[in-house]
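Below are the chains, spelled out letter by letter.
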Amino acid sequence: MKITKQQSGDILVVGVSGELDHHSSALLKSEIGAELDKGGVRHIILDLRELTFMDSSGLGVLLGRYKELGKWQGKMLAFGLQPVVEKMFRLTGLNQLIPVHPDLASCYKALGV
Amino acid sequence: MEVTNYFTLTIPAYSRNESFARVVVAAFAAQLDPTLEEINEVKTAVSEAVTNAIIHGYGEKGGEIVITCTLRADNTLEVIIKDTGVGIEDLEQAREPLFTTRPDLERSGMGFTVMEEFMDSVSVDSKPGQGTVVTMTKKLSTGEQGGHETNL
Ligand SMILES: Nc1ncnc2c1ncn2[C@@H]1O[C@H](COP(=O)(O)OP(=O)(O)OP(=O)(O)O)[C@@H](O)[C@H]1O
Ligand SMILES: [Mg+2]
């Protein structure tokens with residue numbers, strides 16, 4: 001799994017590529033945690049275009065970060081889901097907490113940028 | 001139904017073996033030429049069961065996981081994932097959506113629900129103190145049903 005991070009204003013865009021499972025979820029947790037600890041991040045946009053696999057461990061780590069953002073009413077959005085990842089989002093109801101958008105521009109728009 | 005192929009694999013319960021287990025089962029299933037969607041569903045279900053063995057069965061302290069796969073003449077894949085860890089006290093409760101004993105580890109209790117959704121059948125046999133056996137089956141389509149691409 002590879003993670004990229006890019007911040008513009010108070011929005012952090014996190015790109016996750018490869019496979020998100022129990023083994024790799026710890027890294028995603030600490031990478032996002034490090035950015036949140038610095039302060040200055042309000043919302044997170046997940047760029048999942050290159051994510052080819054996700055199981056319930058991925059669900060857990062995303063939910064955990066979603067809850068952290070909730071402490072300051074921050075939002076988490078996602079875009080670029082491959083069918084297999086989208087299926088997990090739908091099946092688990094994660095899409096009701098983390099809205100899925102077609103692209104980055106539409107995520108920014110939803111955040112009022 | 002006649003068995004057409006099979007294998008058994010024993011791996012240590014290391015988290016780095018989760019992706020290995022998924023890929024091995026997917027490669028085995030791929031000989032039928034199933035759809036990409038079917039392969040992804042099998043991979044996800046295997047990942048759930050193997051991760052449960054590592055986290056819950058063995059409490060991330062190691063141990064062994066035995067994976068047995070069988071293909072039958074009717075294109076049914078059977079995957080058995082076995083651990084000799086702590087076992088499950090209340091099976092019915094464990095299989096309920098959103099039930100988890102480890103919210104502290106950011107688990108959300110969706111593993112069994114995902115397995116049930118992605119496979120045709122899931123049965124769980126477990127005894128406290130002895131371990132857990134998860135048996136899953138799925139009927140796969142074959143290439144004859146219309147040239148699919150496969151992906152590992
Ligand atoms: N192999 C196992 N050994 C012991 N207990 C298990 C095993 N598999 C599952 N369990 C128990 O069943 C519960 C439910 O499992 P399930 O996979 O549905 O959810 P989870 O693993 O807790 O969370 P998630 O899979 O969403 O990360 C677990 O919390 C655990 O208590
Ligand atoms: Mg689980």
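Just above sits the structure.
Counting of residues starts from 1 at the beginning of each chain's written sequence and follows it residue by residue. To read the labels, note that chains go from A and ligands from 1, taken in the order they are written. Whole-chain, interface and lining totals are the exception, using all residues; otherwise, since this is a predicted model, local features are given only for residues with pLDDT of at least 70 and side-chain atom pairs are given and counted only at 80 or more. To obtain the side-chain values, all non-hydrogen atoms of the structure were included, while hydrogens and water were left out.

Residues and numbers for the packing of aromatic side chains, please.
A pair of aromatic rings is counted whenever rings of Phe, Tyr or Trp (Trp by its six-membered ring) have centres within 6.5 Å, and the orientation is called stacked for planes under 30 degrees apart, edge-to-face for over 60 and tilted otherwise. Summed over all chains, the structure comprises one aromatic pair over all chains. Criterion for a charge above a ring: Arg CZ or Lys NZ at most 6 Å from the ring centre, at most 35 degrees from the ring normal. Sitting over the face of the ring of F53 of chain A, R22 of chain B holds its NZ or CZ atom 4.1 Å from the ring centroid.

An account of the site of ligand 1 is requested, with residue identities and associated values reported.
Being near a molecule or strand, for a residue, comes down to having at least one heavy atom within 4 Å of it. Around ligand 1 sit 20 residues, and of these H56, T100, T101, R107 and M110 of chain B come closest. Positioned at a junction of chains, ligand 1 has nearby residues supplied by chains A and B. Counted as a polar contact is a pair of N or O atoms within 3.5 Å, where, for protein atoms, one must be capable of donating a hydrogen and the other of accepting one, and residues adjacent in sequence contribute only when both atoms are in side chains. In the environment of ligand 1, an oxygen atom lies 2.8 Å from a nitrogen or oxygen atom belonging to the backbone of M110 of chain B. Between ligand 1 and G111 of chain B there is a distance of 3.1 Å, counted from an oxygen atom to a backbone nitrogen or oxygen. Coverage of ligand 1 by the protein amounts to 96% of the 600 Å² it exposes when considered alone. Breaking the shell around ligand 1 down by element, the ones donating at least two residues are α2 (36–57) and α4 (111–118) of chain B. Where helices and strands are cited, they refer to DSSP runs of H or I of at least four residues and of E of at least two residues respectively, numbered from the N terminus. Sorting elements by how many residues they give to the shell around ligand 1 places α2 of chain B first, with five residues. Shrake-Rupley sampling with a 1.4 Å probe provides the accessible areas, and residues are treated as covered by the protein chains on show and by no other component.

Please set out the interface of chain A and chain B residue by residue, giving values where relevant.
Each partner contributes to the interface: chain A provides 21 residues, whereas chain B provides 24 residues. Note: buried area is the sum, over both parts, of the accessible area (probe 1.4 Å) each one loses when the two are combined. Between chain A and chain B, a total of about 1800 Å² is buried, with carbon and sulfur atoms accounting for 53% of that surface. Each reported salt bridge corresponds to a side-chain nitrogen of Lys or Arg within 4 Å of a carboxyl oxygen of Asp or Glu. Our count for the contact surface shared by chain A and chain B stands at seven salt bridges. A salt bridge links K43 of chain B to E19 of chain A, with the nearest nitrogen and oxygen atoms 3.9 Å apart. The tally of links between chain A and chain B comes to 13 residue pairs in polar contact (both at pLDDT 80 or more). Listed by contribution, the elements that provide at least two residues to the side of chain A that touches chain B are α1 (22–37), β4 (51–54), α2 (56–70) and α3 (83–92) of chain A. Residue contacts are defined here by distance: any two heavy atoms, one from each residue, within 4.5 Å place the two residues in contact.

By themselves, these observations are geometric and do not establish any function.
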